[in-house]
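Working through the structure, step by step
If you want the building blocks of each chain, they are given just below.
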Amino acid sequence: MSADKKQKIPRQPMPEQEPKVRARNFDEVPFGYSPETAMLEASRCLQCKKPKCVEGCPVNVKIPEFIGLIAEGDFVGAARKLKETNALPAVCGRVCPQETQCEAKCVVGKKGEPVAIGRLERFAADYERDHDAVTKPAMAPSTGKKVAIVGSGPAGLTCAGDLIKLGHEVTVFEALHKPGGVLVYGIPEFRLPKAIVQAEVDYLKSLGVKVELDFVVGMLDTVDELLAKYDAVFIGTGAGLPVFMNIPGENLNGVYSANEYLTRSNLMKAYLFPEYDTPIVKGKKVAVFGGGNVAMDASRTALRLGAEHSYIVYRRSEAEMPARNEEIHHAVEEGVELVLLANPVRIVGNDEGWVSGVECVRMELGEPDESGRRRPVPVEGSEFILEVDTVVVAIGNGPNPLVPNTTPGLELTRWGNIKADEETGQTSREGVFAGGDIVTGAATVIMAMGAGKKAAVAIHEYLQDK
Amino acid sequence: MNRIVAKEEFSRDPAVYMMQIEAPLIAKKARGGQFIVLRINEQGERIPLTIADTDLEKGLVTIVFQVVGKSTAALGQLEVGEEILDFIGPLGKPTHMDNYGTVLCVAGGIGIAPVHNIVRELKKHGNKVITIMGARTKELLFWEDKMRALSDEVYVTTDDGSYGRHGLVTAVEQELLEKDRDQGDINLVIGIGPPIMMKFVAKTSEPFGVKTLVSLNPIMVDATGMCGACRVTVGGKTRFVCVDGPEFDGHQVDFDELFTRQRIYPEQEKLSMELFRQQQACGCGCGCDQGEAS
Ligand SMILES: Cc1cc2nc3c(=O)[nH]c(=O)nc-3n(C[C@H](O)[C@H](O)[C@H](O)COP(=O)(O)OP(=O)(O)OC[C@H]3O[C@@H](n4cnc5c(N)ncnc54)[C@H](O)[C@@H]3O)c2cc1C
Ligand code: SF4
Ligand code: FES
């Protein structure tokens, strides 16, 4: 096919559940490509000699190569090509912000719409898993060295996967009763089915990775105690305590942090209450504070729990929202109402200590701040009350405190994140490496995976010299 | 893992049980004042329970709990030999141990269990320990012998006068603090029990200016400092009980907010309990009325 012809093929949409229907169930929103559609979409790729897309990918997935294999109909081959650099393609294909990474750089996107790299990634990974075609990679002979990984989020899992292939013995310690970190407790089922995360963990186990659940490092063994039993330790403990707005009324009943709201719904399956024991407040009118992916997930979860109104209260305008466009689009399509240029100043309660409303002040955009986004300033006297019975605060998290508090000599940043070398994950303690949200603060799945990968290389080198 | 090796019914109404769980790693690390989180089965919720005792040699952790809802009811039905799916800990900060001189421990209801663990450690640190233990009625008292063996003085109260002194633990607390006013030997009060009791233990000691620790039990989810469910207001600041606590200065705690926050899910808890009872009644587990009542 000529480049000209290729450019005539439109970017293939991915079929998905009707917004009205899906807003009331927890099933995954998109259905994924059929093999035919995937091959058609793959044929749009120009197979660039110097592919720009790869530069946009934090782990440099071999994009034209895997897309080429899909175009040829070798779907399993495509999945294996992906896995050479990305341990969790089924996850990344679903949750990576491709529009600011690989797809933002794709040359096809210069004139028209970029190749749907994310959708193709997801297709190949799903195809391999659904056809039981997952095979074990080549494993290096055992080195006899042992590594402890703290936390089973994307950073920890990626680091574990790379180290086991290099022949080291790997044990992952996870505080919760399920592995996966944010992938299981934060990101909702309708965006990332938990069975996929479980399949990835099972795969790592099949390679020999040991996973110790219900093991809170710092409270059981400390990092120092792990160092006595293992040759190196990787810390990937992720985000911790939620940040609140520090406005009156935040401890009223019916006010949640996004972490709690989502953990109840996802990890504890409160949406299946009373079949599952964990309850959740099923508000009729829910206000979510914040404008990121987490806020989108919370507001869409509220709809699925039966909310008649699910508002997102954000102090800037839609253009400044940090959430992915696709997520904002999905949320609005489902009926989430955006209350923009509004800042909550007080949560109002009733006599029984329950939320009855949120007092907000209107904002207008002033001069750009350090982040380049225009700073919102309150409009005097513009206060108004939004009547709601549930509030979810989704404005961010601090680092998880348990490991930093129990590891003497581990250098931290001003905000309590662990200081680690960007290229190696090396911390101030010998033999201790770190990566993911605990180092960077809330970031992305792929950034955490990238950090886990780099740390695995550094740990491997460290163990060889040791 | 997490096998129940001993179980005892302390009282029937309300139902209070003691269980010893095989959890050697936790037993090795646990110290007075800490707690565990458990989940009974795949559908279960994560519930926090204070550690009542540990047996290092045998690797056992003791919990004492009262049946207050579905999860504790289901836990109470597990028998020796059965396993608890998830048993996580130790969590929270241990009670700060020191030689304080004389410590007055006030234990109410099932709070007797965690206080016992703390008394033992206080004695190890050379403290004189006076213990007041109280319950609604005689049947609900337990471990008096254990407490007597550890403490220098023990006072027992029941609300209905069926045993020991007739009245509340705070009446004895008031007397002891008054008696001590001149000597000033009592340098610390530790109050553990129902939240309302802890509030009044703190209220009672406040005029005497004696530092008072209480152990808070808000609703929790992860209990590892991730979700913020356990937040309480202490001294006007939001604190997270699972990582900053569970013990706080009782004179600074906003108890009324805690009471309100403990009642977020009354309807759901009732529904859960009703469904559980129905399933129990039918015996076949499906909720029908066919089986025998147990
Ligand atoms: C609701 C939500 C939606 C998101 N959506 C997206 C998205 O669409 N795309 C995207 O790219 N990113 C998204 N993110 C961000 C992304 O999920 C995180 O950046 C990423 O998961 C960080 O990975 P991590 O491995 O560093 O930590 P985590 O995923 O946070 O995992 C850390 C793990 O360590 C465990 N742990 C903590 N302390 C201990 C201890 N002491 N002992 C043992 N284990 C411990 C935790 O229980 C947890 O399982 C989202 C985040 C949230 C909360
Ligand atoms: S930049 Fe676009 S067209 Fe070029 S190789 Fe990457 S995906 Fe294909
Ligand atoms: S219970 Fe979740 S932070 Fe304390």
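Going by the structure above, here's the rest.
Report on the accompanying structure. Being a predicted model, the structure only gives us computed values, none of them experimental. (Residues numbered from 1 in each chain as written. Chains lettered and ligands numbered in written order. Predicted model: local features only at pLDDT ≥ 70, side-chain atom pairs only at ≥ 80, totals over all residues. Heavy atoms only, no water.)

Thoughts on the site of ligand 2
For clarity, the cut-off: Being near a molecule or strand, for a residue, comes down to having at least one heavy atom within 4 Å of it. Under the convention adopted here, Pro, Cys and the residues Ala, Val, Leu, Ile, Met, Phe, Trp and Tyr are nonpolar, Asp, Glu, Lys and Arg are charged, and Gly plus all remaining residues are polar.
Taken together, Cys45, Leu46, Cys48, Pro51, Cys53, Pro64, Cys106, Val107, Val108 and Ile117 of chain A make up the full set of residues near ligand 2. Here the shell around ligand 2 is composed, by residue class, of 10 nonpolar, no polar and no charged.

Observations concerning the sheet that holds strand E13 (residues 212-215) of chain B
Residue and element names in this part refer to chain B. Condition: Here the rule is simple: two strands pair whenever DSSP picks up at least two bridges between them. We count a stretch as a helix when DSSP gives it H or I for four or more residues in a row; a strand needs E for two or more, and each element gets its number in order from the N terminus.
Read from one edge to the other, the open sheet built from 7 strands follows the order E11-E10-E9-E8-E12-E13-E16, with strand pairing classed as mixed. Taken across any chain shown, the strands that pair with only one partner, and hence form the sheet edges, are strand E11 (165-166) and strand E16 (247-249). Sheet topology places strand E8 (residues 102-108) next to strand E9 (residues 128-135); 7 bridges connect them, and they run parallel. By the bridge assignment for E9, threonine 102 is matched with lysine 128.

What about the nonpolar core?
Put simply, the rule is: Nine residue types can take part in a nonpolar core, namely buried Ala, Val, Leu, Ile, Met, Phe, Trp, Tyr and Cys, and a core is a set of them joined through side-chain atoms within 4.5 Å. Here's how the labels work: a residue is buried when its accessible area is under 20% of the maximum for its type, exposed when over 50%, partly exposed in between, all with a 1.4 Å probe on protein chains only.
Judged by nonpolar contacts, the single largest core of 59 residues is most densely connected at Phe289 and Val391 of chain A together with Leu104, Leu216 and Phe255 of chain B. By size, the runner-up hydrophobic cluster in this structure holds 53 residues, among which are Cys96, Ala124 and Tyr185 of chain A together with Met226 of chain B.

A closer look at the packing of aromatic side chains
Residue and element names in this part refer to chain A. The test is simple: Planes of paired rings set the category: under 30 degrees apart is stacked, over 60 is edge-to-face and the rest tilted, where pairs are Phe, Tyr or Trp rings (Trp by its six-membered ring) whose centres lie within 6.5 Å.
Considering all chains together, one arrives at 14 aromatic pairs over all chains under this definition. Summarising the aromatic geometry, the rings of phenylalanine 433 and tyrosine 462 are spaced 5.8 Å apart at their centres and angled 65 degrees between planes, so their arrangement reads as edge-to-face. Linking phenylalanine 433 in strand E16 (residues 432-434) with tyrosine 462 in helix H20 (residues 445-465), this pair joins segments that are 29 residues apart in sequence. In terms of burial, phenylalanine 433 and tyrosine 462 fall into one category: buried.

Comments concerning the sheet that holds strand E14 (residues 390-393) of chain A
All names here are of chain A. To keep things clear, this is the line we draw: Only the stretch in contact is used when fitting a helix axis, every axis being a line fitted to C-alpha atoms; angles between N-to-C directions are given from 0 to 180 degrees. The contact rule is simple, with two residues in contact once any of their heavy atoms fall within 4.5 Å.
In spatial order, the strands read E6-E14-E7-E8-E9; together these 5 strands make up an open sheet with parallel pairing. Edge positions in the open sheet fall to strand E6 (255-257) and strand E9 (337-339), since each of these has one partner strand only. Strand-to-strand twist in this sheet, taken as the mean axis angle between neighbours without regard to direction, amounts to 25 degrees. Of the pairings in the sheet, the one linking E6 to E14 comprises 3 bridges and is parallel in character. Across the sheet, tyrosine 256 pairs through a bridge with valine 392, a residue of E14. Running over the sheet, helix H16 (residues 293-304) touches strand E7 (285-289), strand E8 (309-313) and E14 and is turned about 165 degrees from E8.

Points about the side chain of arginine 324 of chain A
All names here are of chain A. You can see arginine 324 is positioned in the loop between E8 and helix H17 (325-334). We classify arginine 324 as buried; its relative accessible area is 5%. Excluding residues that lie within four positions of it along the chain, arginine 324 makes contacts with Arg94, Val95, Cys96, Pro97, Gln98, Glu99 and Asn293.

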